[in-house]
Each structure stands twice: as structure tokens, then as C-alpha cells.
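Chain by chain, the residues run as shown.
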Amino acid sequence: MHRLLSTAATRLRPLTSAQSVRTTSVSGTHPDVRRDGRAPESARRQNFRVAAEPFLNGASSNYVEEMYLAWLEEPSDVHKSWDVFFRNAKAGAAPGPAHQALPPLQECLSGRATATAPLSAAETDLETLVGDHLAVHTLIRAYQVRGHHLAKLDPLDISCVDLDDAPCSIGLNKVGSYGLQESDLDKVFRLPKTTFIGGSEDTLTLREIVRRLETAYCQHIGVEFMFINDVQQCQWIRRRFESPGILRFSPEEKRTLLTRTVQSTRFEEFLQRKWSSEKRFGLEGCESLIPALKTVIDMSCGSGVESVVMGMPHRGRLNVLANVVHKELDQIFCQFDPKLEAADEGSGDVKYHLGMSHTRTNSLSDKNVTLSLVANPSHLEAVDPVVQGKTKAEQFYSGDSKGKKVMSILIHGDAAFAGQGVVYETFHLSDLPSYTTHGTVHVVVNNQIGFTTDPRMARSSAYPTDVARVVNAPIFHVNADDPEAVVYVCKVAAEWRNTFHKDVVVDLVCYRRNGHNEMDEPMFTQPLMYKRIKKQEGVLKKYAEKLISEGVVTMQEYEEEVAKYDKICEEAYARSKDEKILHIKDWLDSPWPDFFTADGRPKTMSCPPTGLSEDQLGYIGKVAASVPVDDFTVHTGLSRILKARADMLRQRVCDWALGEYMALGSLLQQGVHVRLSGQDVERGTFSHRHHVLHDQKMDKKTCIPMNHISPDQASYTVCNSSLSEYGVLGFELGFAMASPNALVLWEAQFGDFHNTAQCIIDQFISSGQAKWFRQNGIVLLLPHGMEGMGPEHSSARPERFLQMCNDDSDVFPSVCEDFAERQLYHCNWIVVNCSTPANYFHILRRQMLLPFRKPLIVFTPKSLLRHPEAKSSLDLMLPGTCFQRVIPDEGPPAHVKRVIFCTGKIYYDLDRERKNRAMDATVAVVRVEQLSPFPFDLAKVETERYANADVVWCQEEHKNQGYYDYVKPRLQTTVGPARPVWYAGRGPAAAPATGNKHTHLAELQRLLNTAFDLHAFAGKDS
């Protein structure tokens, strides 16, 4: 027996005993199982003794672990010999003596046998029997763990998956690796409870065991799931892939699958015939994607899903729009017409980036389902968190707290799935309370190539899908040239998501029949691969021949189905020629029908007042200064903060945190949902916000006072995010897409942290409306300011945001009624740097009261959060007050020789210096609070007010950074070419700030000297 066990297949590299214990979830009521699922100390001591026993070393340790865990759960579930063994071992016997031979059958039947009978000499045939069963069980586990390595996944049979470092010894001719012999193939073995290959049978011959395992794990489906640390989930998967005859389809199901494959294939062939020289990023080589997606949607709708949000790259997008979302074909075909004129504002985008939303009847459930395909840029995988955010929002608004009505599907490319870090960031949002969408179905279109790069050069992992293992998502690899296998794994994937509400991955192993696009020549870099592809029959032809040979359809029926779809395409093509104008709004992925007029315009161009009554301000302020629940112990330091807020209310002033509280609280009272997300936003990076209170005596007991303002208020969500910017900002952008009636804010821990989310900012936020006619009201809060703390965390890089603003610096706009609102309507986003809590209060409220939505970029302060001068009187927040785009100087203009324009924190340095120099009468300081769109009208008022004064722009940032390059030409346009605009500030630099405190202060003093030296610019050219 020792010999048999020692020959266990080490080449399979099974899990060690310790690893198996760590990664197996145990549930049950056995007295030896702790509530947390771990074995008690006595059991761990037993495992130590087990590890020292040669009988239980090697590959058999996995089997022993399984038996032991099963015994802990229910002793009667294991063989009597194992029950006796574990009872003896628990009583203190070493593993060797703990084993005892079973008594004769007659004694067992007469009831004379006892579990503690004296141990007799080991019988050779019993040892052989147990050893062989151990070997068979190890063999079964080997297939479950590594069967996918031998699966026939690649339709080209060139296998780009590198598994050389993981040799696999399974198959009829490899049973010797397990201590079994060829003569054992016809022996009958009892099956363990960790397999379902027996169906209704408890025993099978070894030959049949291997055959069924080969059928389950080594054909056109490869299953990766044994890394999942939940026994129930593993058993669930085993049942669906191991049960005999599970992969069977009715004739009707096969005909439906054929029809969908016809649609997918003939659509691409139609486009190729009509526009052979156009880029369309076709789906040829992975036509099974269409029946795959429709299967996921069918199964999900049958389980109660009413809305599906999808994201995908450009490859196959037109096919998905046509055959999954059901976009009108003529609307797709007219996109190829180069003479088509754009009717809507904005630049538009290429056809394979556009999205849309459409409600249709699902043929399987006969219920309506809304399908949204989110528009996206060429930046692969960037759309992933956006889709998740939109899905989360739809779940929130529909009260779908478990994800049973709204779900997401993400389609990926193999190279991008493995290479783009945002995939990892998005996966790690999947189980966070404020970000989970309760399971996403991921479908990887695995072309086995990335543009021109082979997989062996594109990733270090065996599969492109290995990133999904970090969240214990099962991975179903499938040969995309086997439509029935594809549809089956998609059924299982949808069922998994509906059952466990966790992510799942379907890896469609396919090929790309053309190059990266239809104009590309792939033979330059992959000659052998594409020689094979040229010989490859299409999936439609192969599947049609299969069904015809089975008698499911006739050749005539097949040809009629093809002709039927071709006719649909031809008729749509004829209609498309009548289209003369391109309506981008027809491609909206997130329509807001009740927010705009029928033609997509704002219902008004005026903004209601943003001020509040003093009673309302006082009421919200009291909530901000209190703990609105009983029996709650707050930190003593926080008690002082709450007391300080109460004191400010009595003084009728507010600081930055209280002003924010009043703005958000008032919107909640008006029924506006507010969501604030980002790193450490609950407390605030600078410990100023404290929107979530933590009980100091009870763990996890928290209070959100903002949710206790009034009984009929909207809910307030404030959530610390994972340490991610790219993924989280994309998520919040998606959340803001779903509805115009929510204020969604993302706060960077420090302003410069947004640079790791630059893709979302550049591709979605700044240009999203121009490209996709999609408005979005997301707010970015970016802490900014030169505080002498070094180059990191000083600058939120305002120059980058201002560079992307679409207003013209050389044209002074025509001033008319509602000029401020119309200026906002035509801009691509709003950029502000508020210097007072009151103005911050107003800008947040204005964001929701505007009759349209624009992204809002707010450069927020750091030191001003506690600056004694940076407080606002409640008088500036009462009815009749509003956001001040420009805050003028309060002094008389008569003797002013210099007017300094500035923004943000530098105002307080200028004001202090002016007082120290007693220059209040000769120098005016004007604050530009709204930088973009630039307040030309108010800037003109101020410059004309000081017609004889020097015009100076002052900033604390370096000259090549900050606001200067944006503001100077606009100020110059305002005052005209004859009046120079001077600069006072730091000189150009590569880094945002110095790392030396002394240097910082010296630089600040120099720029202040320049600003207040009335002769500093004499004789100079601006």
C-alpha cells in the first residue's frame, strides 16, 4: 500500500495538505467544525500527525483532506473504515495505528463489530483496495484541476497557451502515474461525493471513469474552478459539467442556434460585400459571440432580469448592435455613407464606437428587456468601470439591492483583458458594498493575438483570463467553432450569476479571420497562423453541415434561412440610401426622456436661485453639529469639531465643511440623491468632513447624520473607495450617466491623483458630449494648492483641464439675456476654484438646478479648510444670492493703480500682503471663481472699472502651469491689444513645486513683491 501511495502523480503538482485546508470552505453542524469554518485546534494537531505519516503523504493527502472534511461535516458520508480511522486518530492514536481492518461481513451484519476492536494485522488485499480507490480519487481530482489543459479549445489547433511548466498526466495511458495498472481499467470503483460523472450510479469501471472525465473536461470545454474556496460553488460547477448527457440540445434549440449563427455570419459577409474597403472591425472568426450573448440575455431574462448594460471594444460592435441590441439595420448601414451630414451639435464618433439603448421583447421570456450598449473610445477596457457604475445606478434607482433586475455584460479582447490594469481595478470593485453589481458575465473574444503581438509576448500567464482568479470567478474556456458548447457554457454562466451573484468568465477561444482591421495585412507578422486561417472553414458552414447530417434541418431549410436574412439586409440597405442626415442622438446609450424636450433640448435656459432660507440653513447645520442617534459614543476630538460647528451657527458663519454639508443636505431635502465617492471621503483626507461617525465602543457601528435630515429626503451615499482612481472615477461617471437627478461627486485624495484616471477624464468626461451627444453632471473635487509640502500633492494640474476647454480665447462673446447659462450650455465642462465656502455651497447647488448637465471640475482647498479668514457669512447663502463667477474688490476704484486678477487660495496671501503694505486704496484684487467658461462679461466690467490701472494675473503656480496660459489670452481679448496683461507668479519649472520649505516661502514672497511693486513692469513688454 505504501508503494501504491508513493507513486501518486507528483507531476500533477496537487495542492499540499496545508493549502487544501486553507482553501476549502466547510459548512455543517458537526461539533468539530468551528463557526468560522476552520477545524479546531485538536483537528489541526491531528493534521500535523497526519503529515508525518508516509501512508498519508504525497498526492493522497488531497484525498485524505477531502475525506476528513467530509467526516467532520457528516461521519456517515464516508466509508466505515474512514469513520473508524478518524475516531481513533481523534482519540489520540497515531495515523498508522489509527487504521484498523474492517471486521468480517458476518460480524458487521450481526452488529457484533465495534469501532474500538483490537487492531489486527493489515490485510494486503484491503490495503490494495483502499490504495487503488485513493489513486482513482486523485485521478478524478486531477481532471477537475487540470483537465482544461488537454481540452480541444483552439479551433486552429495551434494552441497559443503555454502550459509547458505544468505537465499533465491524465488519460487512459497515464493511469500508471497513479499507481494503477492497465489491468485495473475494467475494475469497478466506488465514486467519491466530489464528482457527478456517475449520474445515478455509485460505481464505475476505471475505463468508464476516465471516458466520462475526458468527456466532461477534455473536449471543447475547459473549466477552471478548483481554485474557488467554496465547496458548494465547486460542487455546483461539477454537477453542471460532469453529469452524463448534460450537453444535449433539442432540435428546436439547435434550429434557433443555427438561425443566430446565420445572422451573425451573413451580417459580416454583407458588410464585406458592400463596403470592402471600409474599416468595420468585423467579427469573422468569432461569429459564435452573437448566440453566446443572446443566450446569456435569454437565460437572465428568464430569471427576472429586466435591464442589461453592456460594454465592449470595437471588434464585432456593429454585429452586436444589429443582432443583439436590435439597432435598425438601415441606421447602421447609413453610417458608411461619406456624404451623410451631421445634424446634431458636437464632433460625433466613428460607427464602431457608438452605443445605444433599446427596449425589446425577449423571445424566450416574452417580457420586455432594455439593452444598453455603452459608447466607448478606442482605449480598450476603459469602458469596463463605466458599465459597472451605470449598472449600479440602475440597480439603485429600481430598488434592486440584490442585482436580480439589472445586470452587466462585459465583452473583452484577450490581449486587453490580460494587459490593461483597469480590468484588475474593476474586478476588485465587484464585491465592495457600494460598488458591487452582484455579478458580471465577462465574455472574452480570444483571437489568440493582439493587433500583431503573439500571446507569448503579450502576457506572462497561461491564459488571458487568469486575472479573474483573484475574485474566485470561474472561467469557462470554450472552442468558439463549437456553437453548442458555446451556448451551453453561456447558459451555465448566466445561471451562475443568477445563483451566486458573482462574476464569471466565458473565454471564447477563436481566431481573427482578417487583420486588426479589414485593411491590415496579418501575414507580415503571423504567416503560419494566417495560412491556417485561410484554410479554416467558417463556423456556420460546419454547423449547418452537422445539423443537416443529423436530420435537424434540410439543406433547403438552411438555404431559406440564409436567403431570408440576406433579404432583410438588402431591404435595409435600400432604405439607408434615403438617409441624408446623421442624428447622433439616435445612438444615445443613456437617454433621459423626461429631462429634456422631445428634440433633446433643455426645457428652459434659466437657473433657479441657489440661496436658502436661514431656517433651512440652521436646521441642516444643527444636523451637521449633532449625533442624531441614541447610545452612540463619538471620539472626543470629533465632539470638539461638532461643538465648533454649533458655535459657527450661532455666529452665523460657516467654514468649508459646513458649507458643503448645507449644500448636500438641502439637495437631499429636495429629493436629489447624492453620492460622494473616493479614497477616504467619509472622513475626508484632511479630517474636515466626518460624514460617517464611528462608535468608539462598538466595532462597525456607524452613523451618517446626513441621512437623518428629514423623513422624506433622498438617500445619501458616502463611500470610501478602493485605492483606485482609473476604475473608481470610471464607475462614478457611469453612475452619473444613468440619471440627471443625482449629484455624483468623486474626490481625489490629493488633486494630482487624478492623473492615473486621465483616460476617463480625456476620453469620457471632457469630450463625451461632443462625441456621443451624452450629457453628464459628474463633479470632480480635486484638492489643490502650494503649501510648501513638496511637488507631490501640490498641484491638481489645472492647466490640463483648462487646455481641454472648448471656449475660444480670441473671440469676445455676444452678451445677452441668460448669458451665463447659455455659456454653460455650450461649454464642454465647467472649471472653478472657489475661494469661499458660500461660493462652494452655491456651485454644488447650481450643478443640480441647471436645466442641463455638464461635468464640474472643482479645485478644492487644503489649508483654507481651517483658515480663519476662509469663512462665509450665512448672509451670502440666503435667498437672492447665487454663485459668483467673479468676486470683485470691495474698495473704491478712484485711486487704484493696479488690478490683480487671481483665483483660489492665493487671494488670501495677496489680501494679507496688501494690508501689511497698506495698499488697499491703490491695489484691487479680483477673484475669478469660474475659470471656464471664462466670464468675459464680468471681466470686462472689472477692467473698465479700473480703466487706468495695470492689469495683472497673479498665481502661486509656476508660469507654465496653473491658469496663466488659459487666462491671459482671454483677459487680453477682454481689454484689447493696447492694454497689456502682466504676470506675477513663479517662473517656469518642470516640477509642480519645490520640496524645500524655505525655498517655497522665498518664491511666494518674490511673487508677492512683483504683484505689489507698482513699477515692476515699467519698460517691459507683456
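Fair warning: this is a prediction, and the values are worked out from it, not measured in the lab.

What counts and what doesn't
- Residues numbered from 1 in each chain as written.
- Predicted model: local features only at pLDDT ≥ 70, side-chain atom pairs only at ≥ 80, totals over all residues.
- Heavy atoms only, no water.
- Axes fitted to C-alpha atoms, helices over the stretch in contact; angles between N-to-C directions.
- Helix = DSSP H or I, 4+ residues; strand = E, 2+ residues; numbered from the N terminus.
- Parallel < 35°, antiparallel > 145°, perpendicular 65-115°, else oblique.
- Left-handed = near helix turned anticlockwise from the far one by under 90°.
- Contact = heavy atoms within 4.5 Å.
- Nonpolar A, V, L, I, M, F, W, Y, C, P; charged D, E, K, R; others polar.
- Phe/Tyr/Trp six-rings, centres within 6.5 Å; stacked < 30°, edge-to-face > 60°.
- Buried < 20%, exposed > 50% of the residue type's maximum accessible area, 1.4 Å probe, protein only.
- Patch = residues over 30% accessible without salt bridge, like charges linked within 9 Å, V, L, I, M, F, W, Y side chains within 5 Å.
- Areas by Shrake-Rupley, 256 points an atom, 1.4 Å probe, with all protein chains shown as cover.
- Salt bridge = Lys/Arg side-chain N within 4 Å of Asp/Glu carboxyl O.
- Lys, Arg positive; Asp, Glu negative; His and termini not counted.
- Charge placed at Lys NZ, Arg CZ, Asp CG, Glu CD.
- Pairing = 2+ DSSP bridges.
- Expected span 1.5 Å × (residues − 1).
- Core = buried A, V, L, I, M, F, W, Y, C linked by side-chain atoms within 4.5 Å.

**A closer look at the packing of helix 10 (residues 231–242) against helix 19 (residues 483–500)**
Put simply, helix 10 and helix 19 touch, their axes get as near as 11 Å, and they point 155 degrees apart. In terms of axis orientation, helix 10 runs roughly antiparallel to helix 19. Here the hand of the crossing between helix 10 and helix 19 comes out right-handed. Mapping the contact onto sequence places Gln232, Gln233, Trp236, Ile237, Arg240 and Phe241 in helix 10 and Tyr488, Val489, Val492, Glu495, Trp496, Thr499 and Phe500 in helix 19. Split by residue class, the contact of helix 10 with helix 19 holds eight nonpolar, three polar and two charged.

**Considerations on the packing of aromatic side chains**
Aromatic rings in a pair are described by how distant their centres are and how their planes are angled relative to each other. Applying the stated criterion across every chain yields a total of 35 aromatic pairs. Between the aromatic rings of Trp592 and Phe596, the centroid separation amounts to 6.1 Å while the plane-to-plane angle is 10 degrees, which identifies the pairing as stacked. For Trp592, a relative accessible area of 9% translates into the label buried. In textbook terms, an aromatic cluster arises when at least three aromatic residues are bridged by ring pairs, as seen for Phe267, Phe270, Trp275, Phe333, Phe336 and Tyr573.

**Details of a positive patch on the surface**
Taken together, the side chains of Lys531, Arg532, Lys534 and Lys535 define a basic patch exposed on the protein surface. Along the chain, Lys531 turns up in helix 20 (residues 527–535).

**A look at the sheet that holds strand 19 (residues 779–783)**
Here we have seven strands laid out as an open sheet, ordered 17-14-18-19-21-20-26, and mixed in their pairing. If you trace the sheet from one side to the other, it starts and ends with strand 17 (716–720) and strand 26 (930–932), each paired once. In this sheet, adjacent strand axes meet at a mean angle of 20 degrees when their direction is disregarded. Summarising the sheet, strand 14 (residues 673–678) and strand 17 pair through five bridges and their orientation is parallel. Bridging across to strand 17, Leu676 finds its partner in Val718.

**Details of the pattern of salt bridges**
Within this structure, the stated rule accounts for 47 salt bridges. Close ionic contact of Asp647 with Arg650 constitutes a salt bridge, the shortest N to O distance being 2.0 Å. With Asp647 and Arg650 both in helix 24 (residues 636–651), this residue pair falls three residues apart, about one helical turn. Under the relative-accessibility criterion, Asp647 is labelled partly exposed at 22%. Between Arg885 and Asp937 there is a salt bridge, with its nearest N and O atoms 2.8 Å apart. With Arg885 in the loop between strand 22 (872–873) and strand 23 (886–887) and Asp937 in helix 33 (residues 936–945), this pair connects stretches of sequence that are 52 residues apart. For the pair shown, Arg885 and Asp937 are each scored as buried.

**Side note on helix 12 (residues 289–302)**
With 14 residues, helix 12 should reach 20 Å at 1.5 Å per residue; the first-to-last C-alpha distance of 20 Å fits that figure. The buried count for helix 12 comes to 12 of 14 residues, which makes it a mostly enclosed element. Burial in helix 12 covers these residues: Leu289, Ile290, Pro291, Ala292, Leu293, Lys294, Thr295, Val296, Ile297, Asp298, Ser300 and Cys301. Looking one or two residues beyond helix 12, the residue adopting positive phi is Gly304, at roughly 110 degrees.

**Considering the environment of Leu271**
Within the element layout of this structure, Leu271 appears in helix 11 (residues 251–274). When neighbours within four sequence positions are excluded, Leu271 is seen to be in contact with Ser276, Arg280, Leu318, Phe333 and Phe336.

**Quick word on the nonpolar core**
Of all hydrophobic cores here, the largest spans 183 residues; its most connected members are Leu289, Phe333, Ile409, Leu508, Leu780 and Trp953. Among the elements that line this core, the one with the most residues is helix 19, at 11 residues. Apart from the residues within four sequence positions on either side, Leu508 is in contact with Cys286, Leu289, Ala292, Val443, Val444, Val445, Asn446, Val478, Ala480 and Val486.

**Some details on helix 34 (residues 964–975)**
End to end, helix 34 covers 16 Å across 12 residues, agreeing with the expected 16 Å (1.5 Å per residue, within 8%). Among all positions in helix 34, only Tyr964, Tyr966, Val967, Lys968, Arg970, Leu971, Gln972, Thr974 and Val975 are buried. Tucked into the core, helix 34 has its buried residues touching helix 29 (798–803), strand 24 (898–902), strand 26, helix 33, strand 27 (950–958) and strand 28 (981–986). Positive phi shows up at Gly976, right after helix 34, with a value of about 90 degrees.

**Re the sheet that holds strand 25 (residues 923–928)**
Here five strands make up an open sheet; going across it, the order is 23-25-24-27-28 and the pairing mixed. Only two strands of the sheet have a single neighbouring strand rather than two, namely strand 23 and strand 28. For strand 24 and strand 27, the ladder comprises four bridges, and the chain directions are parallel. Paired with Val899 across the bridge in strand 27 is Val951. Contacts between helix 32 (residues 906–917) and the sheet are confined to strand 24, strand 25 and strand 27, with strand 25 contributing the most and set at about 170 degrees to the helix. The sheet contacts of helix 34 involve strand 24, strand 27 and strand 28, and relative to strand 27 the element is tilted by about 170 degrees.

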